[in-house]
Amino acid sequence: MALILMKQIIVLFLMMGCGLAVVKLGMLKVEDSKALSVVSLYLLLPSVVIHSFDIEYTPEVMSGFLLALAAALAFHVLLFVICMVLSSIFHLNSVDRCSLIYTNAGNIIMPLVAALLGEEWQIYATAFLAVQMTILFSHGQSVMEGKPGINWKKIVTNPNMIAVVAGLVLFLTPLQLPDVLADTMTSMARAVGPVSMIMLGMALADIEWKKLFTGKRVYGIVLARMVLLPLVAVFFLRTWGTLSSVPDSRSILLVTLLAAITPTAATITQMAQLYDQDAAYASAINVVTTLFSIVSMPLLVMLFQMF
């Protein structure tokens, strides 16, 4: 599994390289990546979510989804506790805290799960995404903006949250998408990996690489995000899987683990730009954690499967 994961991550990185190349060759501009970001976030990812729920309802699948949902909630609570401790010791700023808590699962997890376990397992990844998106557009946005409060309108109207609700309706009721619409969702869902990675590659084209790799603080956050917190996730989810009586709990929680150990969310960089935080620093964390994931994710999956 770890070797397969490494292969899939390399495939995603090659796609990212294609995005970098089209900008470096002058075919597109870095700013054009924003259009792909909108397409990925508001069209392709909701399609993936709805497509993942387009499976036959069974009590086993439902119990697995609830297990993944509970694990995602519990893990985020644990993240908040750890980040509060780290913040009190190292005086973390807004970008630091959000970079530690929020992962890039939205762009990466669905194609990885489909490649490793099959598309029918993507339903368990939506549980993690639903939890993270809800917290991101409440706590995350509040921290980055520097204002208390929850933007419920942004949560309720987010296309991905709407897709989760629509998917659950399809899963829990006899309703089915018309064949033409179902085929459309399937085709769009399979495009999320290439489009997301090409977009990230384009965004990297104007990075000052020398400056990026000389910031010492970046590496501290990267080690915490890609080593410390993932190790906590491995032992936390592995213990939960041992205690759970849900069928295939180990594989279900592997999906949760994959979402938890992905690089820092690209959305944090976008929020940093929007709310006048240090966007360059946020981008540096995103880039370095993404590069680090080539090695860290396969090793962590291997560790998860050893016990």
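Okay, the packing of helix H6 (residues 122-145) against helix H14 (residues 266-274) next. Where H6 meets H14, the closest approach of the two axes is 10 Å, and the angle between their N-to-C directions is 45°. Between H6 and H14, the angle is such that the two are oblique. The handedness of the crossing between H6 and H14 comes out as right-handed. Where H6 abuts H14, its residues Leu136, Phe137, Gly140, Gln141 and Met144 lie against Thr267, Ile268, Met271 and Ala272. Its residues assigned to classes, the contact of H6 with H14 comprises six nonpolar, three polar and no charged.

Together, Val77, Val81, Val85, Ile89 and Phe90 make up a nonpolar patch on the protein surface, roughly 470 Å² of accessible area in all. Along the polypeptide, Val77 turns up in helix H3 (residues 59-90). With a relative accessible area of 53%, Val77 lands in the exposed category.

A rise of 1.5 Å per residue sets the reference length of helix H13 (residues 249-260), with its 12 residues, at 16 Å; its end C-alpha atoms lie 16 Å apart and thus fit the reference within 8%. The element H13 is largely enclosed, with a buried count of 10 among its 12 residues. Within H13 the residues assigned to the buried category are Ser249, Ile252, Leu253, Leu254, Val255, Thr256, Leu257, Leu258, Ala259 and Ala260. Where H13 is buried, its residues meet helix H1 (2-24), H3, helix H5 (105-116), H6, helix H12 (216-243) and helix H15 (279-306).

Turning our attention to unusual backbone geometry. Positive phi values are uncommon outside glycine, yet Asp248 reaches one of about 60°. Examined against the element boundaries, Asp248 turns out to sit in the loop between H12 and H13. In this structure, Asp276 is a non-glycine residue whose phi angle is positive, near 60°. You can see Asp276 is positioned in the loop between H14 and H15.

Closest axis-to-axis distance for the H12/H13 pair is 10 Å, and the angle between their directions is 165°. On the basis of their axis angle, the class for H12 and H13 is roughly antiparallel. When you trace H12 past H13, the crossing you get is right-handed. The residues of H13 that touch H12, namely those facing Arg225, Ala233, Val234, Leu237, Arg238, Trp240 and Gly241, are Ser249, Arg250, Leu253, Thr256, Leu257 and Ala260. Split by residue class, the contact of H12 with H13 holds seven nonpolar, three polar and three charged.

About the cut-offs
Residues numbered from 1 in each chain as written. Predicted model: local features only at pLDDT ≥ 70, side-chain atom pairs only at ≥ 80, totals over all residues. Heavy atoms only, no water. Axes fitted to C-alpha atoms, helices over the stretch in contact; angles between N-to-C directions. Helix = DSSP H or I, 4+ residues; strand = E, 2+ residues; numbered from the N terminus. Parallel < 35°, antiparallel > 145°, perpendicular 65-115°, else oblique. Left-handed = near helix turned anticlockwise from the far one by under 90°. Contact = heavy atoms within 4.5 Å. Nonpolar A, V, L, I, M, F, W, Y, C, P; charged D, E, K, R; others polar. Patch = residues over 30% accessible without salt bridge, like charges linked within 9 Å, V, L, I, M, F, W, Y side chains within 5 Å. Areas by Shrake-Rupley, 256 points an atom, 1.4 Å probe, with all protein chains shown as cover. Salt bridge = Lys/Arg side-chain N within 4 Å of Asp/Glu carboxyl O. Buried < 20%, exposed > 50% of the residue type's maximum accessible area, 1.4 Å probe, protein only. Expected span 1.5 Å × (residues − 1).

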